[in-house]
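In case you want the letters, here they are:
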Amino acid sequence: MPPAGPPRTHSSAEDHVRWSRGELRIKVTDDVVYEQVSGYLEKEVVSKITHPIDKLISQGAKPIIFNDWWELSGYDSDARLKLTDWIFWIRGKIVGSHILVRSKIVSMGVSIANLALGGMLTVYTDRQEFTLAYHRALRQSMKPPHTSPSSASSPASMGAPASTATPPASQTSAGVAASPSGSSPGSSHDDPVRPPRSIR
């Protein structure tokens, strides 16, 4: 799961699902959904992944999704197709979908899906970049709707401190690319969290 943020003053929920070949951990904070999948993804589990996002959309939210697939070793072809069809259906109802991958098999499947989706997925091979993007999204979601310049910079209105954005050393891969495909150089600190709009 992502590093702990500040005391929760906004809506937050967590869930944990296990099956014979893997597990899923879900954390929803306002309109930010973090889903960590490990092991082998089966078609029957896909509904567990999609349900929290569908619920937010039904409530009128426009969520941003972070899929931590670093420990995902493989998947059923039917699971990939089901996820691709689903993300295509919700493409105009979400802000964006960010995916962290390590396995070559998973990476290839994500690339194929992203091609079919017109490049709407932001794919990462570096955990730190992915974690930074997640914390930026949390900070954005926790900002009050109307803030004055003075209140926007106060400690109470800030999200997770920058130090919490660095993942544990054991989860960081030193041999992966320095920047995600789908984000531009230098964007990890200054640019807004919102990725480009999806295809219509």
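Residues numbered from 1 in each chain as written. Predicted model: local features only at pLDDT ≥ 70, side-chain atom pairs only at ≥ 80, totals over all residues. Heavy atoms only, no water.

Draft legend 1. Highlighting the layout of surface pockets. Within this model, the largest pocket holds a volume of roughly 380 Å³. When contributions to the lining of the largest pocket are tallied by element, the ones reaching two or more residues are β1 (12-19), β2 (22-29) and α1 (46-58). When its residues are assigned to classes, the lining of the largest pocket shows 7 nonpolar, 4 polar and 6 charged. (1 Å grid on protein atoms, 1.4 Å probe; cavity = no way out; pocket = protein on both sides within 12 Å on 5 of 7 lines; lining within 4 Å. Points joined across faces, edges and corners; volume = space filled by probe spheres on them. Helix = DSSP H or I, 4+ residues; strand = E, 2+ residues; numbered from the N terminus. Nonpolar A, V, L, I, M, F, W, Y, C, P; charged D, E, K, R; others polar.)

Draft legend 2. Summary view of the confidence of the model for the protein. Mean pLDDT for the protein: 78, with 66% of residues reaching 70 or above. In this model, residues 4-9 is a region of pLDDT below 50 whose contacts with residues beyond four sequence positions or in other chains number 7 contacts. Per-residue pLDDT stays below 50 along residues 147-200; that stretch engages in 72 contacts with residues further than four places along the chain or on separate chains. (pLDDT = per-residue confidence, 0-100. Contact = heavy atoms within 4.5 Å.)

Draft legend 3. Here's a closer look at helix α4 (residues 127-142). Over its 16 residues, α4 extends 23 Å from the first C-alpha to the last, a length consistent with the 22 Å expected when each residue adds 1.5 Å. Most of α4 sits out of view: 13 of its 16 residues are buried. One side-chain oxygen of the residue at the start of α4 lies 2.9 Å from the amide nitrogen of Gln128, identifying that residue as Asp126. (Expected span 1.5 Å × (residues − 1). Buried < 20%, exposed > 50% of the residue type's maximum accessible area, 1.4 Å probe, protein only. Polar contact = N/O pair within 3.5 Å; in protein donor to acceptor, adjacent residues only side chain to side chain.)

Draft legend 4. Region of interest: helix α2 (residues 77-89). Along its 13 residues, α2 runs 19 Å from first to last C-alpha, staying within 8% of the 18 Å computed at 1.5 Å per residue. When we look at burial in α2, the residues that qualify are Ala79, Leu83, Thr84, Trp86 and Ile87. Buried residues of α2 fall within an arc of 165° about the axis and therefore sit on the same side. What points out from α2, more than 90 degrees from its buried face, is the exposed set Asp85 and Trp89. (Arc of directions from axis to C-beta.)

Draft legend 5. How the structure looks around the pairing of strand β4 (residues 64-69). For β4, the buried fraction is high: 6 of the 6 residues fall into the buried class. Because side chains alternate across β4, one face comprises the buried residues Ile64, Phe66 and Asp68, and the other comprises Ile65, Asn67 and Trp69, equally buried. Taken together, the 5 bridges between strand β3 (residues 32-41) and β4 define a ladder with parallel strand orientation. Bridged to Val32 within β4 is Ile64. (Pairing = 2+ DSSP bridges.)

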